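Residue-level listing of the chains:
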Amino acid sequence: MRDTQAAKGSQTSLREANRARVVGAVQQHGSLTQVELATITGLSPASVSNIVTELADAGVLDTSPSIRSGRRARLVTLARSIGMVAGIDLAARSMHVALADTSMQILASETLPLAPDHRADMSLQRAAMLVQEMVESVDAAGDELLAIGVGVPAPVEVATGTVSSTSLLRGWDGAAVTEILAATSSVPTVVDNDANLGALAEARYGAGVGADPVAYVRVSHRIGAGIVLGGRVLHGRRGTAGELGHMIVDERGPVCRCGNRGCLETVAGAAALVQILSASHGHLTLDDVITRALDGDPGCRRAIADTGRTLGTAIANLCTVVDPEIVVIGGDMSTAGEVLLGPLRDALEQHTLATNVGAPNVVPAEFGGEAELRGALAAALDRARELGALGVAS
């Protein structure tokens, strides 16, 4: 009798473990076919089919017909009834907010402008209100929102949700982001540097899937990097790991907003790029420069190529320390494509320590300008999972 009961208990535990493996795979990768689920989990197609049917009947998973490689397939996603997460990407002059279900399908999204030197409290209160409006817009109850992920363009002490820098983001120095949001929302919140979140999104869902380590470099008006090692973001002691834009490249160069001289951002950021062209082209925005370069303007192409070479040299130093398998380039400047990436690769290959496998591969971000936002959603999903808010163990 005892042996029979033990066998039943063992079978129940195995069944629950297999159910958790299936749900965890969908949480990690988003929409998957049953064939893909079988490959990822190592379970037989028959077992996956039975588990998917059980979890669909229980309201945990949703299924829908699809076509993969010309054949009919059954697409599996998490049911929205399991909950939602919100992502907030706060940039220097804009705020991007999105609401997604737990399969990472975006349900609502909006971008708003922000005033120069916007204050942390006012911007975060505005973001919290927008999240609430989005929840209402999809006819969801407030308790369906499981967690919020927030990205800011400054170093963050992740354990406390506090901006750790004292000079990089005016109006945000030392801002306790988690505490500020707690005043308007009771939803669990996780905060990180925006480039770190971009790295998380690209490593988990985008151009860096299957690679380790992954280095993500965001090149725009500001320059930052995120490093994912063993599936986890590298933060460092106070959240300043990956601040590539403040690597000193010319100790007698221009004074940077951080207080140092000759930071990479002062010679390869958008402001430097636009300034170089001002004498020959007049007033241009970064978008203007990229558009003209892609249309064949020789001056704009040269300026972007020079920027690419400078970036490549700096990234080579990063590669010497971290040795990533892949380097993903995101941010506004990445839309220049090979005009930027070609010279960047050349410089990286020239300055990276020679090995039998050569320099790491350099690719554009799969999510483009949405990498940071998707990373915020992924971080929120991770927090919900840690708190057991998804209802099924992963």
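Everything numeric here is computed off the predicted structure, so don't read it as measured data.

Quick look at the overall build of the chain
- A tally of regular secondary structure across the chain gives twelve helices and 15 strands.
- By its C-alpha atoms, the chain is 85 × 55 × 40 Å across when sized along the principal axes.
- Considering the chain as a whole, with its 394 residues, one finds that 52% of them fall into the buried category.
- Nonlocal contacts in the chain, meaning residues at least 24 apart in sequence, comprise 61% of its contacts between residues at least 6 apart.
- Surface accessibility of the chain: about 18200 Å² in total, with carbon and sulfur atoms responsible for 50%.
- Across the chain, the centroid of the 31 positively charged side chains sits 3 Å from that of the 43 negatively charged ones.

What to know about helix α11 (residues 338-351)
- Look at α11: 19 Å from first C-alpha to last across 14 residues, which is about the 20 Å you get at 1.5 Å a residue.
- Within the sequence span of α11, burial applies to Val339, Leu340, Leu341, Gly342, Pro343, Leu344, Ala347 and Leu348.
- Summarising the contacts, the buried residues of α11 are in contact with α9 (286-294), α10 (298-322), β14 (326-330) and β15 (361-364).

Considerations on the sheet that holds β15
- Read across the open sheet, the five strands follow the order β13-β12-β11-β14-β15; overall the sheet is mixed. Each edge of the open sheet carries a strand with a single partner, namely β13 (232-233) and β15.
- As paired elements, β14 and β15 share four bridges and run parallel to each other. Bridged to isoleucine 329 within β15 is proline 364.

Things to note about the packing of helix α6 (residues 194-204) against helix α12 (residues 371-386)
- Running from N to C, α6 and α12 cross one another at 80 degrees; their axes reach a closest spacing of 7 Å. Relative to α12, the element α6 lies roughly perpendicular. Contacts from Asp194, Ala195, Leu197, Gly198, Leu200, Ala201, Glu202 and Arg204 of α6 reach α12 at Ala371, Glu372, Arg374, Gly375, Ala376, Ala378, Ala379 and Asp382.
- Here the contact of α6 with α12 is built from residues that sort into eight nonpolar, two polar and six charged.

Overview of the pattern of salt bridges
- Per the stated rule, a full pass over the model turns up 13 salt bridges.
- The partner of arginine 345 in a salt bridge is glutamate 338, and the shortest N-O contact between them spans 2.7 Å.
- Overall, the relative accessible area of 48% leaves glutamate 338 in the partly exposed class.
- Between arginine 383 and glutamate 386 there is a salt bridge, with the nearest N and O atoms lying 3.2 Å from each other. Of the two residues, arginine 383 and glutamate 386 are both situated in helix α12; the distance of three residues between them amounts to about one turn of the helix.
- What makes arginine 383 partly exposed here is its relative accessible area of 23%.
- Several salt bridges share partner residues, and in doing so they unite Asp194, Arg218 and Glu372 into one network.

Details of the layout of surface pockets
- By volume, the largest pocket amounts to about 840 Å³.
- Contributing elements (two or more residues each) for the lining of the largest pocket: β5 (94-101), α6 and β12 (223-229).
- In terms of residue count, the dominant contributor to the lining of the largest pocket is β5 (three residues).
- When its residues are assigned to classes, the lining of the largest pocket shows eleven nonpolar, twelve polar and twelve charged.
- Approximately 410 Å³ is the volume attributed to the second largest pocket.
- Forming the walls of the second largest pocket are 15 residues, and the residues nearest its centre are Arg232, Val233, His235, Asp382 and Glu386.
- Those elements giving two or more residues to the lining of the second largest pocket turn out to be β10 (189-193), α6, β13 and α12.

Some thoughts on the pairing of strand β6 (residues 106-113)
- Pairing of β5 with β6, which is carried by seven bridges, proceeds in the antiparallel orientation. Within β6, the residue paired with histidine 96 across the bridge is threonine 111.
- Hairpin connection between β5 and β6: a loop of four residues separates the two successive antiparallel strands, and methionine 104 in this loop has a positive phi of roughly 70 degrees.

Quick notes on the environment of arginine 21
- Turning to its location among the elements, arginine 21 is positioned in helix α1 (residues 2-29).
- Residue classification places arginine 21 among the partly exposed positions, given a relative accessible area of 39%.
- Along the chain, arginine 21 and leucine 37 lie 16 residues apart, while their C-alpha atoms are 9.3 Å from each other.
- The contacts of arginine 21, once residues within four sequence positions are left out, are Thr41, Gly42 and Leu43.

About the criteria used
- Residues numbered from 1 in each chain as written.
- Predicted model: local features only at pLDDT ≥ 70, side-chain atom pairs only at ≥ 80, totals over all residues.
- Heavy atoms only, no water.
- Helix = DSSP H or I, 4+ residues; strand = E, 2+ residues; numbered from the N terminus.
- Buried < 20%, exposed > 50% of the residue type's maximum accessible area, 1.4 Å probe, protein only.
- Contact = heavy atoms within 4.5 Å.
- Areas by Shrake-Rupley, 256 points an atom, 1.4 Å probe, with all protein chains shown as cover.
- Lys, Arg positive; Asp, Glu negative; His and termini not counted.
- Charge placed at Lys NZ, Arg CZ, Asp CG, Glu CD.
- Expected span 1.5 Å × (residues − 1).
- Pairing = 2+ DSSP bridges.
- Axes fitted to C-alpha atoms, helices over the stretch in contact; angles between N-to-C directions.
- Parallel < 35°, antiparallel > 145°, perpendicular 65-115°, else oblique.
- Nonpolar A, V, L, I, M, F, W, Y, C, P; charged D, E, K, R; others polar.
- Salt bridge = Lys/Arg side-chain N within 4 Å of Asp/Glu carboxyl O.
- 1 Å grid on protein atoms, 1.4 Å probe; cavity = no way out; pocket = protein on both sides within 12 Å on 5 of 7 lines; lining within 4 Å.
- Points joined across faces, edges and corners; volume = space filled by probe spheres on them.

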